[in-house]
Amino acid sequence: MKISYNWLKQFVNIDWTPEQTGELLTDLGLEVEGIHTFQSVKGGLEGIVVGEVLTCVQHPNADRLKVTTVNIGLDTPLQIVCGAPNVAAGQKVPVATIGTTLYTAEGEAWTIKKGKIRGEESHGMICSEDELGLGTSHDGILVLDNELAVGTLLSKIYEVENDKVFEIGLTPNRADAMSHFGTARDLKAGLLQQKNHVELITPSVSAFRVDNTISKILVDVLNKELAPRYCGLTITDIKVGPSPAWLQNRLKAIGLTPKNNIVDVTNYVLHDLGQPLHAFDANKIEGHKVIVKTLPKGTKFKTLDGVERELHEEDLMICDAVKPMCIAGVFGGELSGVTDQTTSIFLESAYFNPISIRKSAKRHGLNTDASFRFERGVDPNITEYALKRAALLIQEVAGGLITSNIVDIYPKKIEDFQVRLSFENAQKLIGEEIPTDIIKSILMSLDIKVNNVTETGLGLTVPAYRNDVVREADIIEEILRVYGYNNIKFTQKLNASISPSSRFEDFKLQNVVGNQLVSQGFYEILSNSLTTPAYTKLSADLKEEHNVTMLNPLSNDLSVMRQSLLFSGLEAVSRNINRRRSDLKLFEFGKSYHNQDSKYVENKHLTLFVTGNENAERWNSNPKPTNFFYLKGVITAVLERLALGQFTASPIQNDAFSEGISLQTGNKSLVDFGLVNKKIMKHFDISQDVLFADFNWDHVIEMVKHKNIAFKELPKYPASRRDFALLLDENITFEAIDTIANQTEKRLLKSVDLFDVYQGNTLPEGKKSYAVSFKFQDEHSTLTDQQVDKIMKKLQTNFEEQLGAELR
């Protein structure tokens with residue numbers, strides 16, 4: 001939000017520097033993010049002086065140029081080459097001297113330099129009004145009044161307004177401060193704590209009067225819930241045209257482009273008092289009637305930007321007897337707006353339901369200054385005052401007569417809030433005791449009335465425009481921000497409370513696993529839970545009817561909650577690859593969201609993404625591409641860290657993977673992982689392989705909580721290892737060997753490992769060779785060769801009978 005310092009001083013008479021004022025505003029909670037300079041004429045006409053053209057002759061080498069001598073009050077006249085057709089001897093003209101900086105219409109700076117133009121020296125420039133920023137004409141040079149003295153600074157002739165503009169980062173709850181008046185109200189309260197007693201100057205509307213009632217327009221509010229208060233009046237015989245300089249400068253200072261005097265006044269009052277207004281061309285209001293109502297779903301309506309929109313049945317509309325004219329509080333219609341031919345207007349000032357306005361604005365993708373304020377809640381009791389203020393300003397800048405009484409439909413007054421403040425609670429929250437008289441002074445400076453005072457607290461009435469101050473805690477926050485956070489003293493004692501929690505709490509397990517993954521070179525990501533519904537078409541396992549749809553989406557690309565973390569993660573992978581970071585190891589803790597049988601279900605996940613090389617290129621090692629077994633090792637390490645190392649594997653049943661496996665414990669799925677399907681990769685424009693793992697984190701947490709960890713002594717006796725080289729059919733898996741081995745010897749067999757796989761021309765067709773190691777150990781004695789040989793014989797027999805294996 002932009003706040004003009006000159007404008008602000010219309011409400012508070014203050015002689016502080018902008019920097020001092022900015023610091024105080026920040027302390028008050030209106031954080032000043034920056035201060036920049038505004039000049040009504042860019043450059044402030046610095047270096048521009050009045051000159052008198054003494055001579056003007058044709059340029060010897062150019063038909064369209066003239067060589068002039070110009071007196072600017074120096075000892076010697078300047079020779080200036082000029083191309084303007086209207087330059088002539090005897091004129092008083094604006095002269096930009098050497099070193100002066102001028103600005104183009106786009107704001108680009110350029111400097112006047114001494115030079116030669118077609119062989120003739122030129123020591124300055126005679127300027128047109130558009131080159132100075134004083135107008136738009138470029139037909140010729142600007143000819144000044146002959147009575148002006150030579151050498152006079154042009155900045156003294158044309159009043160240039162210099163202003164400082166605050167960039168305030170306004171928090172959404174501070175609807176009361178969305179104007180210069182609201183900011184001044186806070187500033188007055190802050191100045192009072194600085195022992196600087198100033199009055200809040202409120203613009204007078206005592207001059208308002210109704211000239212006649214010949215142009216009465218009837219108003220009918222059919223939906224009083226969505227429009228609790230609606231005011232309007234008619235002004236006729238106006239003349240639409242450019243606004244005066246003071247009004248244009250006020251709007252330009254805060255970044256608004258002046259349109260015409262009527263529209264400019266409505267914009268001015270909006271930023272002046274915080275009350276949005278709308279002006280309708282009264283001659284375009286059919287039936288001389290304004291109806292505030294909703295319209296059937298699908299009704300077509302063309303807005304001021306020329307876009308035809310389809311209305312929702314909950315959109316509040318301002319209509320005449322025949323057609324809709326405006327989306328209430330959001331955007332005007334193309335057929336009812338003010339034009340250069342407008343001579344009469346109906347001026348609207350209203351308080352609309354904030355929720356209704358927010359929904360309509362989001363629904364149509366519109367974010368206007370009016371909707372920004374209405375959806376946060378404007379002051380319902382300033383509606384008529386702002387209307388009078390605007391009417392007087394319109395009469396000042398556009399003439400006209402007020403030809404109707406003010407229509408004010410306000411059936412149910414919006415009441416102020418009643419809040420009780422406890423001194424004890426205030427001291428607890430603030431951390432120190434603030435004297436009662438200071439508390440009362442602060443509250444009264446914020447327009448909060450003190451109804452009664454007791455030894456324990458205050459009974460308060462909070463004005464309706466402070467819709468963010470409805471609880472005792474809100475009152476304490478108001479006291480604290482005006483009193484000054486910096487004025488609260490720190491104690492030497494540090495108090496902390498420790499709450500007992502299980503080591504199996506979700507956040508603790510996330511920290512354990514997250515730290516382990518980071519130590520393995522992974523980076524944590526956090527992606528948006530909102531996504532596009534188009535992603536459901538990329539996988540048959542995702543159903544469109546299971547989408548959790550947003551009622552008021554920011555855009556179609558963010559209109560549903562994600563059913564899978566795969567796609568949001570691939571967005572991050574694609575973004576990094578496009579920025580030349582192709583070696584990635586990423587992980588994310590997040591949720592998926594599902595609409596199942598009209599019930600909303602949230603599932604927790606841990607996802608891993610691996611692509612590119614496992615390690616970076618070094619002088620002593622070559623880069624090694626990541627593969628399926630690298631990801632399996634990472635997953636196994638995570639599960640073992642959580643004491644879930646005992647699991648079974650099965651082929652994956654998910655078309656998001658081109659190949660992969662699923663790990664389970666009992667009937668609980670722990671993790672699915674594998675290579676992401678090429679069709680999905682193509683959608684994200686990723687050409688390299690991406691490995692993806694999806695942990696069912698809910699199941700992991702549940703399994704960890706019920707997992708008992710047993711500790712035992714390290715074995716005292718040595719282990720014995722034996723190897724087999726087995727000739728097997730190609731379809732035999734290592735899992736089958738491992739299962740048979742553990743079934744054959746359950747007590748002494750500690751591990752089975754595959755350390756070599758061979759397939760080649762030396763083997764029979766359809767065969768492969770597995771080199772398998774077996775580790776045996778007895779915890780109570782040293783194993784003998786006879787014991788181990790006996791077990792190996794059993795293993796050989798079972799492999800031959802059950803797998804058709806042969807020893808090589």
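Residues numbered from 1 in each chain as written. Predicted model: local features only at pLDDT ≥ 70, side-chain atom pairs only at ≥ 80, totals over all residues. Heavy atoms only, no water.

Colleague: Is there a simple way to think about the overall build of the protein chain in this case?
Modeller: Looking only at helices and strands, one finds 20 helices and 41 strands in the protein chain. The principal-axis extent of the C-alpha atoms belonging to the protein chain is close to 125 × 85 × 65 Å. Of all 808 residues assigned to the protein chain, the portion counted as buried reaches 47%. Contacts spanning at least 24 positions in sequence make up 70% of the contacts within the protein chain whose residues lie at least 6 apart. Total accessible area computed for the protein chain in this model is approximately 41,900 Å², and 48% of it derives from carbon and sulfur atoms. Of the side chains in the protein chain, 88 bear a positive and 104 a negative charge, and the two mean positions are spaced by 3 Å. (Helix = DSSP H or I, 4+ residues; strand = E, 2+ residues; numbered from the N terminus. Buried < 20%, exposed > 50% of the residue type's maximum accessible area, 1.4 Å probe, protein only. Contact = heavy atoms within 4.5 Å. Areas by Shrake-Rupley, 256 points an atom, 1.4 Å probe, with all protein chains shown as cover. Lys, Arg positive; Asp, Glu negative; His and termini not counted. Charge placed at Lys NZ, Arg CZ, Asp CG, Glu CD.)

Colleague: Explanation requested: the sheet that holds strand 19 (residues 316–319) in the structure shown.
Modeller: The pairing of strands in a sheet comes from backbone hydrogen bonds and takes either a parallel or an antiparallel form. Judged by pairing direction, the sheet is mixed, and its 5 strands sit side by side in the order 13-16-19-20-21 without closing on themselves. A single partner strand is all that each edge strand has here, and the edge strands are strand 13 (218–221) and strand 21 (331–332). As paired elements, strand 16 (residues 289–294) and strand 19 share 4 bridges and run antiparallel to each other. Each bridged residue has a counterpart across the sheet, and for V292 the counterpart in strand 19 is I318. (Pairing = 2+ DSSP bridges.)

Colleague: Is there a simple way to explain the environment of F673 in this structure?
Modeller: Residue position: F673 is located in strand 36 (residues 668–676). Residues F673 and T607, spaced 66 residues apart in sequence, show a C-alpha to C-alpha distance of 9.3 Å. Beyond its immediate stretch of four places on either side in the chain, F673 contacts F628, L631, K632, I635, I652, F657, E659, G660, I661, L663, F692 and A693.

Colleague: Hey, could you run me through the sheet that holds strand 38 (residues 720–729) in this one?
Modeller: With antiparallel pairing, 4 strands are arranged side by side in an open sheet as 39-40-38-41. Edge positions in the sheet fall to strand 39 (749–758) and strand 41 (806–807), since each of these pairs with one other strand and no more. Inspection of the sheet shows strand 39 paired to strand 40 (residues 767–776) by 8 bridges, in the antiparallel sense. Paired with V752 across the two strands is F774, which belongs to strand 40. Lying over the sheet, helix 19 (residues 734–744) contacts strand 38, strand 39 and strand 40, oriented at roughly 155° with respect to strand 39. Of the strands in this sheet, strand 38, strand 40 and strand 41 touch helix 20 (residues 785–803), which is tilted by about 15° from strand 38. (Axes fitted to C-alpha atoms, helices over the stretch in contact; angles between N-to-C directions.)

Colleague: Explanation requested: the pairing of strand 16 in the structure shown.
Modeller: Consecutive side chains along a regular strand alternate between the two faces of the sheet. With 4 bridges connecting them, strand 13 and strand 16 associate as parallel partners. Its bridge partner being in strand 16, L218 is matched across the sheet by K289.

Colleague: What am I meant to see in the nonpolar core here?
Modeller: Generally speaking, a soluble globular protein has its nonpolar side chains buried in company with each other. Ranked by internal contacts, the top residues of the largest apolar core, which has 81 residues, are I262, V269, I394, L421, L443 and I475. Here this core gets 10 residues from one element, more than from any other, and that element is helix 10 (residues 383–398). With residues near it in sequence (within four places) discarded, I475 still touches V419, L421, L443, I448, L460, V462 and V469. One finds V219, I285, V378 and V407 within the second-largest nonpolar core, a separate group that totals 35 residues. (Core = buried A, V, L, I, M, F, W, Y, C linked by side-chain atoms within 4.5 Å.)

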